[in-house]
Amino acid sequence: MSHSSNRGVVYQGPGKVEVLDIPDPIFSNPAGKKIGHAVILKVLSTNICGSDQHMVRGRTTAPAGMVLGHEITGEVIEKGSDVEMLNVGDIVSVPFNVACGRCRCCRELDTGVCLTVNPARAGGAYGYVDMGGWVGGQAKYVMIPYADFNLLKFPDRDQALAKIKDLTMLSDILPTGFHGAMTAGVGVGSITYVAGAGPVGLAAAASAQILGAAVVMIGDFNQDRLAHAAKMGFVPIDLSKHDRLGEMVEQVVGVPEVDSAIDAVGFEARGHSGKEQPAIVLNQMMEITRVAGKIGIPGLYVTADPGAHEKAAQEGSLSLKFGLGWSKAQSFHTGQTPVLRYNRQLMNAILHDRLPIAKIVNAQVIPLEEAAQGYAQFDAGVAAKYILDPHGEIS
């Protein structure tokens, strides 16, 4: 490869990330086997995600030394011998799911749980704990396997570069928010509640709107995020007022229930007391969702949480009021988002100015070298989505 040395964001233990020199990407899988179905990308944009924050906070079993980053948009600069559908110079979106395209799950477009790319369990991802050992993309360069299957090529290079701040959201948060809305059954006239006014919550709210929801409420404790959500046309629900969510919903729509609820918070949820209550959002969703309604759960839940305050939660066991959901005949949908199922149509919505997602999530571009500051500010609850600019070409 004829480029300058690689740099990347490296997890150094709880609370600490650093931008360091890292090895150049090569055409081999995490087990060291050479592969011809991959490409090397020059990373044009790569985002800091709330899921990354779980690792950086020490709330997972992530080992020090991992290169982080699973939200990647880049330019093909080198391709393997088996790549047929892509060319050097193409600008592409990378789904955060690493997927082979060949197993049963991939063939059914359940790419979030590919059966072959991770020896430990179903599902692979870049730069993420227990997801197969694939090197992350918060870097200058990255290798992407099964490129013909995984990568979404943008149809026009100049158009893609002009809309890069919107298109970078296709790798994860926009499809994830959309998946939450779809699995929650949002449609024309739906009354919808989204838990969490962070970037994924805002993406879910925007998705609900484009799917035709009549009312989209979004709940949070963070006043800055609520103010931004209101500015974007969503109904803010201030959870700091009290712990009776149904009453707050009733003040908006006249009844204490919704058709569809979306959990964009996940396992680090907090209750009105300020203490962590990992099941609080799920239990509130069951309370406010109507009989036979649907709950989409794109928020992350883990099999092991070493930082949890309760022993059960450390092992991924939560105190769910599951009987309530069962008695109301509610539907629940969980798991990693299968990005490939949605990213092409969402790309078209962006390219034709139907979904200004960068504005909706308040995208802010910062240099790769300022990643540590971006992580700290995002962790403090800033009402923004940080895009890292590894080569200084989009800011």
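What you are looking at is a predicted structure, and each value in this text was computed from that prediction instead of being measured.

### Observations regarding a nonpolar patch on the surface
Judged by side-chain polarity, L320, F322, W326 and F332 come together as a nonpolar surface patch covering roughly 450 Å² of accessible area. Tracing the sequence through the fold places L320 in the loop between α11 (311-314) and α12 (322-327).

### Points about the nonpolar core
Of all hydrophobic cores here, the largest spans 44 residues; its most connected members are L170, F234 and I357. The set of elements that each furnish at least two residues to this core consists of α6 (173-183), α7 (199-210), β11 (215-220), α13 (343-351) and α14 (357-360). Looking at this core, the element that brings in the most residues is α7, giving seven residues. Residues within four places of L170 in sequence aside, it is in contact with S93, L152, F154, P175, V339, N343, L346, M347 and I350.

### Focus on the UniProt feature "domain: Alcohol dehydrogenase-like N-terminal" (unreviewed entry) in the chain
Here the UniProt-annotated "domain: Alcohol dehydrogenase-like N-terminal" (unreviewed entry) positions come out as residues 38-154. The annotated region residues 38-154 carries 13% helix and 26% strand content, and the separation between its end C-alpha atoms amounts to 18 Å.

### What to know about the sheet that holds strand β10 (residues 191-195)
One open sheet holds the six strands; their spatial order is β12-β11-β10-β13-β14-β15, and the pairing between them is parallel. What marks the edges here is a single partner per strand, and that holds for β12 (235-238) and β15 (331-333). Taking each pair of neighbouring strands and ignoring which way they run, the sheet shows an average axis angle of 20 degrees. Of the pairings in the sheet, the one linking strand β14 (residues 289-296) to β15 comprises three bridges and is parallel in character. Across the sheet, residue G296 finds its bridge partner in β15, namely H333. α6 rests against β13 (258-263), β14 and β15 of the sheet, and its axis sits at about 160 degrees to β14.

### Thoughts on the packing of α6 against α7
Each pair of packed helices can be summarised by the angle the axes make with each other and by the distance between the axes. At a minimum axis separation of 7 Å, α6 and α7 run at an interaxial angle of 55 degrees. Taken together, the axis directions place α6 and α7 in an arrangement best described as oblique. Along this stretch, α6 crosses α7, giving a crossing that reads as right-handed. Touching I173, L174, T176, G177, F178 and A181 of α6 are P199, V200, A203, A204, S207, A208 and I210, all from α7. Taken together, the residues of the contact of α6 with α7 break down into ten nonpolar, three polar and no charged.

### So, the environment of D243
Examined against the element boundaries, D243 turns out to sit in the loop between β12 and α9 (245-253). Judged by its relative accessible area of 52%, D243 falls in the exposed class. Along the primary structure D243 and T337 are separated by 94 residues, whereas in three dimensions their C-alpha atoms are 30 Å apart. Aside from chain neighbours lying at most four places away, what touches D243 is H272 and Q284.

### As for the pairing of strand β2 (residues 17-22)
With six bridges connecting them, strand β1 (residues 6-11) and β2 associate as antiparallel partners. In the sheet register, R7 faces β2, and the bridge partner there is D21. Linkage of β1 to β2, two consecutive antiparallel strands, is achieved through a turn of five residues, within which G13 is found at a positive phi near 120 degrees.

What counts, and at which threshold
Residues numbered from 1 in each chain as written. Predicted model: local features only at pLDDT ≥ 70, side-chain atom pairs only at ≥ 80, totals over all residues. Heavy atoms only, no water. Patch = residues over 30% accessible without salt bridge, like charges linked within 9 Å, V, L, I, M, F, W, Y side chains within 5 Å. Areas by Shrake-Rupley, 256 points an atom, 1.4 Å probe, with all protein chains shown as cover. Salt bridge = Lys/Arg side-chain N within 4 Å of Asp/Glu carboxyl O. Helix = DSSP H or I, 4+ residues; strand = E, 2+ residues; numbered from the N terminus. Core = buried A, V, L, I, M, F, W, Y, C linked by side-chain atoms within 4.5 Å. Buried < 20%, exposed > 50% of the residue type's maximum accessible area, 1.4 Å probe, protein only. Contact = heavy atoms within 4.5 Å. UniProt positions renumbered as here; feature names shortened; annotations may be inferred. Pairing = 2+ DSSP bridges. Axes fitted to C-alpha atoms, helices over the stretch in contact; angles between N-to-C directions. Parallel < 35°, antiparallel > 145°, perpendicular 65-115°, else oblique. Left-handed = near helix turned anticlockwise from the far one by under 90°. Nonpolar A, V, L, I, M, F, W, Y, C, P; charged D, E, K, R; others polar.

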